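This is what each chain is made of:
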Amino acid sequence: MHAKTIGSLLLGAAIALPPLSGCHAPADNQNERSPAPTRDVGPAGWRAQLTDGSNGRDWPAFGRTYGEQHYSPLNQIDTATVKRLGLVWSADLPAGNPATGPIEVAGIIYTATGYSVVRAFDAPTGKLLWTYDPHAPEVSGHKLRQGWGSRGIAYWNGKVYVGTQDGRLIAVDAATGQPVWSVETFGKDEQRFISGPPRAFDGMVIIGHGGADEAPIRGYATAYDAETGKQMWRFYTVPGDPAKGFENKAMAMAAKTWSGPWWTYGGGGTVWNAITYDRDTDTILLGTGNGAPWNRKIRSQGKGDNLFLCSIVAVDAKTGAYKWHYQINPGESWDFNAAMDMELADLTIDGRPRKVLITAPKNGFLYVIDRTDGKLISAKPFVTTTWAKSIDLKTGRPNEAPNIHYENGSVTFRPTPVGAHSWPPMAFSPQSGLVYIPAIDLQVTYDDRGITPANFKWIGGMALDYGVRSDVRVPAGEKTQGYLVAWNPVTQQQAWRLPMASHFNGGLMATGGGLVFQGHPDSSFTAYDAKTGKILWSADAGAAVVAPPITYSVGGKQYVTVIAGMGTSAGLFGPMLAKFGIDYRTQARRVLTFALDGKAKLPPRTRYTPKAVDDADFKLDPAAAAAGESIFNMRCAVCHGGGAVAGGTAPDLRTSGAILSPDVFTSIVHDGALVANGMPRFEELSAEDREHLRQYLRTRAADLKQASVKSHE
Ligand code: HEC
């Protein structure tokens, strides 16, 4: 069933439909002749553009080149000219996740927004060339419950590649938008899903997946032939059932670091985001995630390093054979990940030229690692880290605080499972020599009292059942929860630091014009002086910006493109983002393209103030509401926001007419009427569960009404 049908179902209910799509290009662009859809520069051209240190004409991969510095040497837009930067065009996108990194090849921008809906735009004019929709929500089943949508797209030899929520890796013809091949990267009944960008290199495409937060998942990454989709190799990141034999020596080695029947828990270690290709050594670097479940006492009897969780694992690009690993968090117990982007660079350290990998994982340290052998060169904290004071450079292991694996049942520390750095990428500028990190500074309390291997169970789907309770908060007395940090990876010292208005900020891009670009949830899209952090330019993007920007050159003109709109994990932090007035239904989602002397204008931003649904018959029933709250927190809050205060990734249910009618509520929540739009189906919720949920949501609506009456008094 599609949105239209449900629109009529909900007739009379206070539901705003998403705005219609359109393109706000300036009048003179609209008459421009449509460009030839294929201006491909050919294999030599795009291969050259993918090579680290290329001239920056294109942005053909998530981090621009194989080494993923999120840096372009282009300098037409620089510290002096940036004040002339203006919007050239914008194109509206339909509802769905806009927090995704676009790419550009030979004057065409490719985006994968929502659930991997691919679009091609002519870069100079914004003309939409084609759309390809893999209809992922309809075939995702329970996988949709963990869903936020696609974070990026890849390119190789006239094809673009996307992963889907249901686990397909799809090659799409870059000229026509027609699918060329599609493979299933995991089984239909497995609780895995793809949100990260695929990476294409040297005739192959590689993809991992997420899922280890809520299901017994054994992580892996798979490489496919870019032309045919044929599987080349698969590398598992944690060992499986020893009775079945290990796939390779690396798994046999890893198994020695696990205890008990770990394989029955999956183990985790998914490669959900970071993958980098080192062309110098023909090596793929995989950044692995947390344990499944998070609590090591459950999955490994509280013992062992649990290789290769929270590690960088180097494998041979051609064969997938293990080369080396560096484990960032031995015995991972906190949803810490090594899955944040890795920037490859050539640095001179202590007078020696070094081939390094730079990464700023969730745990708050900036690591510089020798990428030829995985040896740690240096590591220093870029936010307050109370879980460990330092990393031992000899052993590569952290000097952990006492009781940090909550051996005594409970522990409070910084940073948190949200990460001191999350998936919005950092950038490294070889020009300034600095790394720019969208840093997050929060505190967490873990508590597993009463949870044992005997009573632990996966609830399935979106259960938030980690084997430990986690409570993320703003540390007492702290005003700032987020920073833009500029850091020197050679000296391991801060160059500058800017406080941000919230913890959740956009991915970064650095340029040869001496600039750093970043968007923010308050709708500002800003260019900073890379050396000093001074704000040199800022535009109102008309919507929150959390996606990473890109830059490229067409016909001698430098453009900057970014996608505006709130997406990804914002729902979890709805209350922390409420001050920005972002709403799923009314926010804009747009592709924005800027260049010097751009003169296009955006319609004024609609700031959202929630208005409780009119509910004259409502009667308080605290017991029913409390029962509903616990279901909501387990199954709904991840998208609809803690306390039903949404952050922009799903509708604000306190304002929804759908909570007034048991029939409408049932058709959506139980029968799956809005699945095609990304609202999962919860067929296991009984009529009583649904009434409890409705009672909770109506209570939250009444709370909202009360609060707005108060604020007007
Ligand atoms: C993976 C994210 C996700 C989860 C989890 C989720 N929802 Fe939704 N929900 C959405 C999205 C996206 C929409 C908007 C769909 C559309 O555009 O029609 C939505 C729409 C709705 C609507 C219709 C609101 C309106 O005014 O149109 C209701 C009611 C709803 N959800 C209830 C729930 C309940 C109850 C739960 C938990 C049992 C839940 N949702 C879990 C994403 C989610």
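Residues numbered from 1 in each chain as written. Predicted model: local features only at pLDDT ≥ 70, side-chain atom pairs only at ≥ 80, totals over all residues. Heavy atoms only, no water.

Enquirer: Any details on the nonpolar core? Residues and values, ideally.
Expert: Grouped together as the largest cluster of nonpolar side chains are 56 residues, with contacts concentrated most on Tyr110, Val160, Ile206, Ile284 and Leu286. Leave out the neighbours within four places in its chain, and Tyr110 touches Pro102, Ile103, Val105, Arg119, Ala120, Trp130, Ile153, Tyr155, Val160 and Ala174. Within the second largest apolar cluster, 38 residues are counted, among which are Ile109, Met509, Trp537 and Phe594. (Core = buried A, V, L, I, M, F, W, Y, C linked by side-chain atoms within 4.5 Å. Buried < 20%, exposed > 50% of the residue type's maximum accessible area, 1.4 Å probe, protein only. Contact = heavy atoms within 4.5 Å.)

Enquirer: If you had to explain the coordination of the iron atom of the ligand to someone new, which residues and values would you point to?
Expert: Around the iron atom of the ligand, the protein supplies His640 (NE2) and Met679 (SD) as donor atoms, at distances of 2.0 to 2.1 Å. If you look at the iron atom of the ligand, its six donor atoms make angles of 87 to 180° with each other, and the shape they trace is octahedral. Residue His640 is found in helix α9 (residues 637–640), and its partner Met679 is found in the loop between α10 (662–669) and α11 (687–712); the two are separated by 39 residues along the sequence. Residue classification places His640 among the buried residues on the basis of a relative accessible area of 9%. A residue is classified by how much of its surface remains accessible, and Met679, at 17% relative accessible area, is buried. (Donors = N, O, S within 2.8 Å, 3.2 Å for Na, K, Ca; no water. Tetrahedral: all angles 85-135°; square planar, octahedral: opposite > 155°, others 65-115°. Helix = DSSP H or I, 4+ residues; strand = E, 2+ residues; numbered from the N terminus.)

Enquirer: Mind laying out the packing of aromatic side chains, listing which residues take part and the relevant values?
Expert: According to the stated counting rule, one finds 36 aromatic pairs in the structure shown. Here the aromatic rings of Trp258 and Trp262 are separated by 6.2 Å at their centres, their planes lie at 40°, and the arrangement is tilted. Of the two residues examined, Trp258 and Trp262, each falls in the buried class. An angle of 10° between the planes, with centres 3.5 Å apart, marks the rings of Trp294 and Tyr466 as stacked. Residue Trp294 is found in the loop between β18 (291–292) and α6 (296–299), and its partner Tyr466 is found in the loop between β30 (443–447) and β31 (469–473); the two are separated by 172 residues along the sequence. (Phe/Tyr/Trp six-rings, centres within 6.5 Å; stacked < 30°, edge-to-face > 60°.)

Enquirer: Tell me about the environment of Gly574, and name the residues and values.
Expert: Here Gly574 is to be found in helix α7 (residues 574–577). Exposure remark for Gly574: the relative accessible area of 0% places this residue in the buried category. A C-alpha to C-alpha distance of 9.6 Å links Gly574 and Asp652, two positions 78 residues apart in sequence. In contact with Gly574, other than residues within four places in its own chain, are Val645, Ala646 and Gly647.

Enquirer: Please set out the domain arrangement of the protein residue by residue, giving values where relevant.
Expert: According to the domain assignment, the protein contains domain 1 (3–21 + 609–712) and domain 2 (42–69 + 101–509 + 567–575). The C-alpha-based centres of domain 1 and domain 2 are spaced at 33 Å. Summing both partners gives a buried area of about 1,600 Å² for domain 1 against domain 2, and 61% of it is carried by carbon and sulfur. Summed over the shared surface of domain 1 and domain 2, the result is two salt bridges. (Domains from an automatic or database assignment. Buried area = accessible area lost by both parts, 1.4 Å probe. Salt bridge = Lys/Arg side-chain N within 4 Å of Asp/Glu carboxyl O.)

Enquirer: Explain the site of the ligand to me, and be specific about the residues and the numbers.
Expert: The environment of the ligand is made up of 26 residues, and the closest members are Arg585, Cys636, Cys639, His640 and Met679. Arg585 places a polar side-chain atom, nitrogen or oxygen, 2.5 Å from an oxygen atom of the ligand. The contact in question runs from a nitrogen atom of the ligand to an N or O atom on the side chain of His640, over 2.8 Å. Among the residues making up the shell around the ligand, the classes are represented as 18 nonpolar, five polar and three charged. (Near = heavy atom within 4 Å. Polar contact = N/O pair within 3.5 Å; in protein donor to acceptor, adjacent residues only side chain to side chain. Nonpolar A, V, L, I, M, F, W, Y, C, P; charged D, E, K, R; others polar.)

Enquirer: Report on the pairing of strand β32 (residues 482–488), specifying residues and quantitative values.
Expert: Of all seven residues in β32, six are buried, a share of seventy percent or more. Where strand β29 (residues 434–440) lies against β32, six bridges are found, and the strand directions are antiparallel. From the neighbouring strand, Tyr436 faces β32, where its bridge partner is Ala486. One ladder, built from six bridges, connects β32 with strand β33 (residues 493–499); its direction is antiparallel. Within β33, the residue paired with Val485 across the bridge is Arg497. Following β32, the chain reverses through four residues before pairing antiparallel with β33; Gln492 in that reversal takes a positive phi of roughly 55°. (Pairing = 2+ DSSP bridges.)

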